[in-house]
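Descriptive structure summary
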Amino acid sequence: MTSATKAVYKFIMQDFLRMSSTSTEPLFSPLDFSLSFSSIVTVAAHQFIVPCPGVSFTPFHAGHVLGACMYLIDIAGLKVLYTGDYSREDDRHLVQAQVPSIRPDVLIVESTYGVQKHEALRGREQRFVDLVTAVVKRGGHVLLPSFALGRAQEILLILEEHWSKNPDLHSVPIYYVSSLAKKCMADIQNSPDEIVSLKGSTVPRRLAVEVISFSAHVDGEQNLEFIKQVKAQHIILMHGEAKAMFSLKSKLEQQYAGNEEGIQVHAPHNTENLKLTFRGDRIAKAIGRIAERKVAENATLQGLLLSKDYTFTLLDPRDLAEFTGLSTSVVVQTQRVAISVSLDLVKWHLEGFFGSVVDGIDADHVRTLRVMGTVDVKHTREDELMLEWESSVTTDMIADSTLALILGIESSPASVKLTMSSHSHHTHADEEDEELMQQIRCEHIAA
């Protein structure tokens, strides 16, 4: 909880212990409260908290009462925003609830007022101070039942501001007695025609009752607008009586009927299990060389995709050691093949199948044919070739094709015909060579 909530929690729990001290079966003891208070870990709004791998949460201001927060929870990439009670009105001692910049998959939101709309805040305040002023100026007294946490402070601030602007009211005292708030609330709501005096006799009630709501909850209009801005795929309504909750659910279903994003509205009963399905999208964070590239929209990126604690990271293999402490290794494969034909004939077949083949000398002064820039065919001995390549899905396929081609050279009719034609001076030699090349391609494709 926040530091403000911890401070308020202390006062409320101490007051609860005092009031329940006469009960035969109190809910908890002073020791229970002391142990709970010492176990509290405070957090701040916008603080990113990771209680365990794969789970994180971030508090956001919720308005409502001092210290109240809503929480954006991330569980293995699934984001849930839990509002609790919240308010979207700025008042004198609280900021309004914030809309997180991150779109959650699930929104769990209160439905206290259903679709009901509050009177405008400034209009409520003005009506309130006008009524208070009218009563005290005619010599009357004003009883204001309110919740001890939040609303009482707000009402006192409204009165303080009004009193400071009206010197003629400075002689009128304002008292706040929290222990009487609940009793006063019950008496006024019942609105009896007669009341019992301190002497025990009944006297006619000369009491005007006015109801002005300073609720710390969003009304229907504010709630609908907040839900619209959050844009969650699943909206779960809670904290509301059935009538209010289902009126809001009906309004939301009308609003999102036929939407392309598949937004669904739920109003589960208490203890009801709710099963949800979600989009399969996953987001990977690009770092290192990949993050430095200028990438066009919808472009395809290649790299290593790392998964840790349900988060994904995309990086260039060359950055692996720097960002993860891991190291890369290269598997170099070799294959030796016995041959009885010349390397030039092998080269001719390779060119016929793969196209251009680079003919050169390696560091050990061995004649080498490089196929498609990845597989080296080395003439290590007069009757032997050695294939060498760095293993990967692609290079392994090229190496397999190269090996299959070499193994078939000696039995290929094209090789025999080529060997015989090399001793001929026929004027159509070029045409015959082209026919041989086509025959080689067909033979290996069929193989």
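Predicted, not measured: the structure shown is a model, and the values here were computed from it.

1. Some thoughts on the nonpolar core
Counting residues in each nonpolar core, the largest one holds 26 residues, and the members touching the most others are M70, Y86, L107, I235, L237 and L252. Sorting the residues of this core by element identifies strand 3 (69–75), strand 5 (106–110), helix 6 (220–230), strand 8 (234–238) and helix 7 (242–255) as the ones contributing at least two each. Sorting elements by how many residues they give to this core places helix 6 first, with four residues. Those residues in contact with I235 that sit more than four places away from it in its chain are L107, V109, I227, L252, Y256, I263, Q264, V265 and H266. Core analysis: the next-biggest nonpolar cluster, separate from the first, contains 21 residues, V341, L343, V357 and I398 among them.

2. Things to note about the sheet that holds strand 11 (residues 304–308)
Strand order in the open sheet formed by three strands is 10-12-11, with mixed pairing between adjacent strands. For this open sheet the edge positions go to strand 10 (284–286) and strand 11, each flanked by a neighbour on one side alone. The sheet shows a mean angle of 30° between the axes of neighbouring strands, direction not considered.

3. As for helix 11 (residues 393–407)
With 15 residues, helix 11 should cover 21 Å at 1.5 Å per step; its first-to-last C-alpha distance of 22 Å lies within 8% of that length. Every buried residue of helix 11 is accounted for by T395, I398, A399, T402, L405 and I406. Relative to the axis of helix 11, the buried residues are bounded by an arc of 125° and lie together on one face. Turned more than 90 degrees away from the buried face of helix 11, the exposed residues are V393, M397, D400 and L407.

The rules behind these values
- Residues numbered from 1 in each chain as written.
- Predicted model: local features only at pLDDT ≥ 70, side-chain atom pairs only at ≥ 80, totals over all residues.
- Heavy atoms only, no water.
- Core = buried A, V, L, I, M, F, W, Y, C linked by side-chain atoms within 4.5 Å.
- Buried < 20%, exposed > 50% of the residue type's maximum accessible area, 1.4 Å probe, protein only.
- Helix = DSSP H or I, 4+ residues; strand = E, 2+ residues; numbered from the N terminus.
- Contact = heavy atoms within 4.5 Å.
- Pairing = 2+ DSSP bridges.
- Axes fitted to C-alpha atoms, helices over the stretch in contact; angles between N-to-C directions.
- Expected span 1.5 Å × (residues − 1).
- Arc of directions from axis to C-beta.

The quantities given are spatial measurements derived from coordinates; they are silent on function.
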